[in-house]
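Next come the chains, spelled out residue by residue.
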Amino acid sequence: MSLRAIAMRVARPLALATSVTVTAYGYNQWNKAKAPLKLSTNNEEMLRLFDRLDKDKSGAIDRSELEAALTSAGHAVNILALEAMLSVADEDKDGQISKDEWLRICHAVNGDSVAARPKHVPTATAAKAAPAPAATPTAEALKDIDHSFRK
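The rules we used
- Residues numbered from 1 in each chain as written.
- Predicted model: local features only at pLDDT ≥ 70, side-chain atom pairs only at ≥ 80, totals over all residues.
- Heavy atoms only, no water.
- Axes fitted to C-alpha atoms, helices over the stretch in contact; angles between N-to-C directions.
- Helix = DSSP H or I, 4+ residues; strand = E, 2+ residues; numbered from the N terminus.
- Parallel < 35°, antiparallel > 145°, perpendicular 65-115°, else oblique.
- Left-handed = near helix turned anticlockwise from the far one by under 90°.
- Contact = heavy atoms within 4.5 Å.
- Phe/Tyr/Trp six-rings, centres within 6.5 Å; stacked < 30°, edge-to-face > 60°.
- Buried < 20%, exposed > 50% of the residue type's maximum accessible area, 1.4 Å probe, protein only.

Draft legend 1. Inspection of the packing of helix H2 (residues 43–53) against helix H5 (residues 99–109) at higher detail. At a minimum axis distance of 10 Å, the contact between H2 and H5 shows a crossing angle of 125 degrees. For the element pair H2 / H5, the angle class is oblique. Every pair of crossing elements has a handedness; the one defined by H2 and H5 is right-handed. Note on element contacts: H5 touches H2 through Lys99, Trp102, Leu103, Cys106 and His107, opposite Asn43, Met46, Leu47, Leu49, Phe50, Asp51 and Leu53.

Following this line, the structure appears as structure tokens:
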């Protein structure tokens, strides 16, 4: 087996595991921020909160506005948590949370209907029924691969 084939076999499970981990971590951070931000399922309340958080009135909440909102609510987050939260909420990956994305993440963290959840956040039953991701390589396996590249 070529080194490229070995690298591809390792890279794919690692990328999948990283994606799943970031999504789970980001969703967990939103759950922790739910109380400090006073997230609810009332769309009118959440749109008013969105408008307060959107300091530059651009129609979207960017990274700095999300960080400022969390900090002022007494929920300090590190850059990894902030990036994971943004990654989970920002469905179109434009680096900002639109009003629709905001409403979906608010409903999702409050356990509302499947229709309100972001597309990539599974329901509890779907998560149980989904097949387990491919096993990630162990540290020992990664060392072996690293040594084979150095030969």
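Draft legend 2. View of the packing of aromatic side chains. Scanning all chains against the criterion turns up two aromatic pairs. Ring centres 6.1 Å apart and planes at 70 degrees place the aromatic pair tryptophan 30 and tryptophan 102 in the edge-to-face group. Linking tryptophan 30 in helix H1 (residues 3–37) with tryptophan 102 in helix H5, this pair joins segments that are 72 residues apart in sequence. An identical accessibility class is assigned to tryptophan 30 and tryptophan 102; each is buried. Through pairs of rings, three or more aromatic residues link up here, namely Trp30, Phe50 and Trp102.

Draft legend 3. Quick look at unusual backbone geometry. Not every positive phi belongs to a glycine, and lysine 38 is a case in point at roughly 60 degrees. With respect to the secondary-structure elements, lysine 38 resides in the loop between H1 and H2. Look at lysine 93: it is not a glycine, yet its phi comes out positive at around 55 degrees. One can find lysine 93 in the loop between helix H4 (79–89) and strand E2 (96–98).

Take it as geometry only, folks, not as evidence of what the structure does.
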